[in-house]
Amino acid sequence: METTDVLIIGSGIAGMTTAIKLAEQRSDLRILVITKAAQVFETNTRYAQGGIAAVWDLDKDSYDAHFEDTMDAGDDLCDPEVVRIVVEEGPDCVREIISWGTKFDKVDGKYDLAMEGGHSANRILHFKDLTGAEIQRGLLKKAKEFKNIEIRSGIQAVDLLTQHHLGYSVTRGTPDITCYGAYVFNRDEQDTETICAKHTVLATGGNGQVYRNTTNPVIATGDGIAIVYRAKGRIENMEFVQFHPTALYNPAGENPDFLVSEAVRGFGAILKTRDGEEFMHLYDDRLSLAPRDIVARAIDNEMKKRGDDFVYLDCRHIDKDAFTAHFPTIYHKCLSLGIDPMKDFIPVVPACHYMCGGVKVDQWGRTSIHNLSAGGECTSSGLHGANRLASNSLLEGLVYAKRIAHDIAKTVDQVSHRDGIPEWDAKGTMDPKEMVLITQSLKELRDIMSSYVGIVRNDVRLKRASARLHLLYEETEELYRTTTLSPQLLELRNLITAGYLVTKFAGMRKESRGLHYTTDYPDQLDFLDVTIL
Ligand code: FAD
Ligand code: SIN
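A.B. asks: Got a sec to walk through the sheet that holds strand 12 (residues 241-248)? Specific residues and values, please.
C.D. replies: Reading across the sheet, the four strands line up as 12-15-14-13 and stay open at both edges, with antiparallel pairing between neighbours. In this open sheet, the two strands that pair with only one neighbour each are strand 12 and strand 13 (270-272). The mean angle between the axes of side-by-side strands here comes to 45°, regardless of whether they run parallel or antiparallel. Two elements, strand 14 (residues 311-314) and strand 15 (residues 346-355), share three bridges in a ladder whose sense is antiparallel. Looking across to strand 15, one finds that Tyr312 is bridged to Pro347.

This is the structure we're talking about:
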């Protein structure tokens, strides 16, 4: 059994920034960051392309404008107080990571502010089309300055420790559920360990891997959300799954799908059908730069109407030097598939990209479980509402990390380690005999979610999805009870829970709003009592 003052699960922007901000304030605390990936930088954060939204040039932009754009994209479901907090505290957080060493592109000595869909001003700071990798690099370098931050890779959180593990019955109605740390699976040792912590932070990212096509890396299996749901914590807004309009169409198939950043459309690229016709004017006045939900639905509709597998992005009119300077990774990826963006159309399709819902947190990142905070994509903070505005995710990660660290620094001394936590009990389990039981279920899950709970939904599809997911759930729980743990089994279990939550929340929302569109209830209701599980 290992003890630490603070356990942070996840090494992306939310986890690493929380660790750094806490270490700055409290050199006396032991801060342990774990990540299940073999490499600490293997995160969603590292793949971010477009950039980070922040009001920078107050002559041409304003907090009110960023506030309005975020509220507008969120389709009346954002929490206005949270939007104010993130928009107004964000720029200082960005200045801070710049002071720690993160670089953003400049033109003539000034930051080069890009445009993306749904924004009314140029406010996206970026580093070529590799913004996330640059941020991740800067954070990992900064974290090394603190002796009290330890990062362990290959360590996968399995479940939170709560009163349940002390023999008490814990239900969704139990008040004062408290977290004492986590059971974790050591991937190298193939063994389950116990980590007791005074305070635990979940920063586990999203669950894009629940769909067949996703821009999310393979780590994005909804672990934090499923873990909190199993611990009877509160989850919300899971129906709002963001599909990015423009993942590169690759007939050979790859996981993850390669993203063609929204910033390419911000740079002038135009969406066209396979016969070369523009179509976005049929859907929104903002054309190719309308918010993502609208563009993704428009593409989905055009593809279905025409029976096409993709639409095109036309960049041929853009200056080659400017394009290659801004988007070197995208340019070379296209060339590797025989597509020259300066001469050919780029084939693109929508792909699952971001989870707007998740673990419900307050303005300080506190969850409904005591001594458990959460930050970043695994949360539902109230910032994104029914649809996230482009490049607001990295910003949310920074602002909430600062707030969580501040909160823990003040409160952690009132907490003691909990005695009496039992070690993980693997009695009665056997080594899995056939991996196909896991891999085939994963394939089925992703097919079910993509066919029935995708961009366009209806009650019949959701009912079908529920029935099939239930079967997968029962089979996987049986496997979990009888076999020794493996990373694949743990992830499958979490993905099934994430899929179940998306389907359940989608079924409860009897209207269309933001990213949730159902043909049975195409209109938006004036008032809907949002249900929290
Ligand atoms: P992540 O960065 O995903 O980190 C999650 C961490 O948790 C990882 O270290 C992972 O290994 C770990 N983990 C997960 N489960 C476990 C477990 N059970 N045990 C231990 N560790 C675990 N947003 C923007 O604002 N601007 C952009 O330009 C942008 N571009 C994007 C491009 C792509 C291709 C993608 C996929 C996303 C993009 N996003 C962008 C979204 C943004 O990158 C993510 O929402 C954000 O980085 C999430 O950060 P995070 O810290 O919450 O999680
Ligand atoms: C992109 O570069 O298009 C992704 C931006 C985002 O997800 O916010």
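Having seen the structure, we can now continue with the description.
A.B. asks: Describe the state of the cysteines, listing the residues and the values that go with them.
C.D. replies: Taken as a whole and judged by the stated rule, the model has zero disulfides. Cys352 forms no disulfide, and the closest cysteine sulfur to it belongs to Cys356, at a distance of 10.0 Å. Cys352 gets classed as buried once you look at its relative accessible area, which sits at 1%.

A.B. asks: Please set out the nonpolar core residue by residue, giving values where relevant.
C.D. replies: Counting 113 residues, the largest nonpolar core has Ile149, Tyr211 and Ile235 as the members making the most contacts within it. The contacts of Ile149, once residues within four sequence positions are left out, are Ala19, Ile20, Ala23, Ile31, Val33 and Ala143. Membership of the second largest hydrophobic core comes to 30 residues, among which are Ala290, Met303, Cys315 and Tyr331.

A.B. asks: Describe unusual backbone geometry, with residues and values.
C.D. replies: Look at the link from Asn255 to Pro256: it is a cis peptide, with omega at 0°. Mapped onto the fold, Pro256 is located in the loop between strand 12 and helix 6 (262-266). Phi is positive for Asp76, which is not a glycine, with a value near 70°. On the secondary structure map, Asp76 appears in the loop between helix 2 (63-73) and helix 3 (80-100). The backbone of Ser391 sits at a positive phi, close to 65°, despite the residue not being glycine. Tracing the sequence through the fold places Ser391 in the loop between strand 18 (379-380) and helix 10 (392-411). Owing to a relative accessible area of 8%, Ser391 belongs among the buried residues under this scheme.

A.B. asks: Talk me through the site of ligand 2; I want residue IDs and the actual numbers.
C.D. replies: Near ligand 2 you find Gln49, Gly50, His244, Leu259, Ser261, Glu262, Arg292, His353, Arg388, Ala390 and Ser391, and these make up its full shell. Between ligand 2 and Ser261 there is a distance of 2.7 Å, counted from an oxygen atom to a side-chain nitrogen or oxygen. Within the shell around ligand 2, the residues separate by chemical class into two nonpolar, six polar and three charged.

What counts, and at which threshold
- Residues numbered from 1 in each chain as written.
- Chains lettered and ligands numbered in written order.
- Predicted model: local features only at pLDDT ≥ 70, side-chain atom pairs only at ≥ 80, totals over all residues.
- Heavy atoms only, no water.
- Pairing = 2+ DSSP bridges.
- Helix = DSSP H or I, 4+ residues; strand = E, 2+ residues; numbered from the N terminus.
- Axes fitted to C-alpha atoms, helices over the stretch in contact; angles between N-to-C directions.
- Disulfide = S-S within 2.5 Å.
- Buried < 20%, exposed > 50% of the residue type's maximum accessible area, 1.4 Å probe, protein only.
- Core = buried A, V, L, I, M, F, W, Y, C linked by side-chain atoms within 4.5 Å.
- Contact = heavy atoms within 4.5 Å.
- Near = heavy atom within 4 Å.
- Polar contact = N/O pair within 3.5 Å; in protein donor to acceptor, adjacent residues only side chain to side chain.
- Nonpolar A, V, L, I, M, F, W, Y, C, P; charged D, E, K, R; others polar.

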